Amino acid sequence: MSPTEIIDCARALELVDRQLDGEIDEAGLVALESHLAGCPSCRAEVQLARRLQVGLRRLGPQECPDSVVASLMTRLPISDTALGRDQSPQSDGRSGTQSAGAVVSFPTPDASSSQARVQAARSVGLALAATVLLTLAVSLWVAMSAPLGERPGELQPAVNGVDVSASDLEQAEREARLAFAYLGAITKRATQTLRNDVLSPPAPAGHGSSAPGMDNEVQQR
Amino acid sequence: MLEQYEEVVAQHKDLVFSFAYYYLGNRAEAEDVTQDVFLKLWSHWDSVPTHAAASWLNRVTRNTSFDLLRRRKTKNRYVVDTEASELSEVAPDHLPDPHDHAEGAEFARQLRYCVESLPEPYRSAMILREIQELTYREVSELLDQPVNTIKTQVHRGRKLLRERFLEVNACVAN
């Protein structure tokens, strides 16, 4: 563009755009200023354009609140299906040799180990609860099975002056047996869970962490 | 990989949130959209190449925001907008005293309203280019369109924005 070129309003506004983008050259700038000097309407337009650009840039990018990400992470459906889905080498048809077009494999050994930890904690908790209940039950049984005169504390009628009948004793014995049966079932279940989930977790068929392709895809990223 | 997913989230969360915020003009809705978009990324993780994650996210953010707008069907938000307090968070550094602060907040609110009222494709182009200050090339990659097309959209968007701004000011003055 010639510095002395006379431009019309449409051309002037094009140059304003270039100026806003920082792409105007010296000749364009001279032509624009020359036009603006004689054109009040373009001058007003340019002033407004600059003001709006500054205002928009002051609005600026917004920062995503941390709470959004935290909430997002709690909503991720990390299911068994999701866990196994991408560990299959044929899951997306990619061989794992390309890098630019590689996709991320889901989910992760981290997710698996996290799930195992949750199961382990649950099993240990169950086992502890069963142990406490068992201890209480044994104590109760010892107290109930001792001869009447030798029972500790308030069970001794001679001490407390309470008259314990034979039917009361039979009822207590029945309840103690029921409690033992219940505790036995809980203990068995806790032991089974502990053995299955913690001590010897089953190797997932077809989507274990050592499946071929998984490592490849992990390494791609 | 969960870690890789988290990296992608960390890298793009501001862009997604910011775009939704200016597209919708509402912080709470922008937060919802941001979560929805990244949940969709999780469920489509297999089919989204890393090099295309940004443009994929932007496309989904626009679509999700647009769907939300259609459901909302709320017009004339400038009149009913009660988020004035948010504006003070936008650029406190540029608003040094109470008087300027009030003027700056009003100006910012008008600008946001004008941007929200722009039709597509000008709104997306203006948000990315003028507010997010991305280069034309970056905008072109995000919107998956040629650079010259984006330049035309921004040029037209600026002109529309000026017209809207003058209209809003005329309404406020009356």
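Please refer to the structure higher up on the page.
Residues numbered from 1 in each chain as written. Chains lettered and ligands numbered in written order. Predicted model: local features only at pLDDT ≥ 70, side-chain atom pairs only at ≥ 80, totals over all residues.

1. Here's the deal with the overall build of chain A
For clarity, the threshold we go by: Labels follow the DSSP assignment, with helices taken as runs of H or I lasting at least four residues and strands as runs of E lasting at least two, numbered in each case from the N terminus. Here the C-beta atoms are placed from the backbone, and a residue counts as buried if at least 20 other C-beta atoms lie within 10 Å of its own, exposed if 12 or fewer do, and partly exposed otherwise. A pair of residues counts as a contact when their C-beta atoms, built from backbone coordinates, are separated by no more than 7 Å.
The secondary structure content of chain A amounts to 9 helices and 0 strands. The buried share of chain A, taken over its 221 residues, is 16%. Restricting the contact set of chain A to residue pairs at least 6 apart, pairs at least 24 apart contribute 72%.

2. As for the nonpolar core
What counts is decided by this rule: A set of buried Ala, Val, Leu, Ile, Met, Phe, Trp, Tyr and Cys residues, joined to one another through C-beta atoms within 7 Å, is what we call a nonpolar core.
Within the largest apolar cluster, 44 residues are counted, with the highest numbers of intra-cluster contacts made by B:Ala20, B:Leu111, B:Ala125 and B:Ile127. The biggest single contributor to this core is helix α1 (residues 2-24) of chain B, with 11 residues. B:Ile127 has contacts with B:Phe19, B:Tyr22, B:Tyr23, B:Val115 and B:Gln132, leaving out every residue within four places of it along the chain. Membership of the second largest hydrophobic core comes to 8 residues, among which are A:Ala12, A:Leu15, A:Leu32 and A:Val46.

3. Let's talk about α1(B)
Definition in use: For a residue, the bend is simply the angle between two axes, fitted respectively to the seven-residue segment ending there and the seven-residue segment starting there.
Largest kink in α1(B): about 50 degrees, centred on B:His12. Looking one or two residues beyond α1(B), the residue adopting positive phi is B:Gly25, at roughly 70 degrees.

4. Examining helix α3 (residues 53-72) of chain B
Residues and elements named next belong to chain B. Short version of the rule: How far a helix is expected to stretch is found by multiplying one less than its residue total by 1.5 Å.
The terminal C-alpha atoms of α3, which comprises 20 residues, lie 28 Å apart, in line with the 28 Å expected from a rise of 1.5 Å per residue. Among all positions of α3, only Trp56, Leu57, Asn58, Thr61, Arg62, Thr64 and Ser65 are buried. Those residues of α3 that are buried lie in contact with α1, α2 (27-43), α7 (122-131) and α8 (136-143).

5. Some details on the packing of α1(B) against α7(B)
What describes two packed helices is the angle between their axes and the distance between those same axes. Residue and element names in this part refer to chain B. Stated formally: Every axis corresponds to a line fitted to the C-alpha atoms, with the helix fit spanning only the stretch in contact, and the corresponding angles, defined between N-to-C directions, vary from 0 to 180 degrees. Our angle categories are set so that under 35 degrees counts as roughly parallel, over 145 as roughly antiparallel, 65 to 115 as roughly perpendicular, and the remainder as oblique. Helix crossings are classified by the rotation of the near helix relative to the far one: an anticlockwise turn of less than a right angle makes the crossing left-handed, while a clockwise turn makes it right-handed. For this scheme, ten residues count as nonpolar: Ala, Val, Leu, Ile, Met, Phe, Trp, Tyr, Cys and Pro. Four count as charged, namely Asp, Glu, Lys and Arg, and the remainder, Gly too, count as polar.
Taken N-terminus to C-terminus, the directions of α1 and α7 make an angle of 125 degrees; their axes are 10 Å apart at the nearest point. By the angle between their directions, the pair α1 and α7 is classed as oblique. Here α1 and α7 pass one another in a crossing that is right-handed. Of α7, the residues touching α1 (which contributes Phe19, Tyr22 and Tyr23) are Arg123, Ile127 and Ile131. In terms of residue class, the contact of α1 with α7 is built from 5 nonpolar, no polar and 1 charged.

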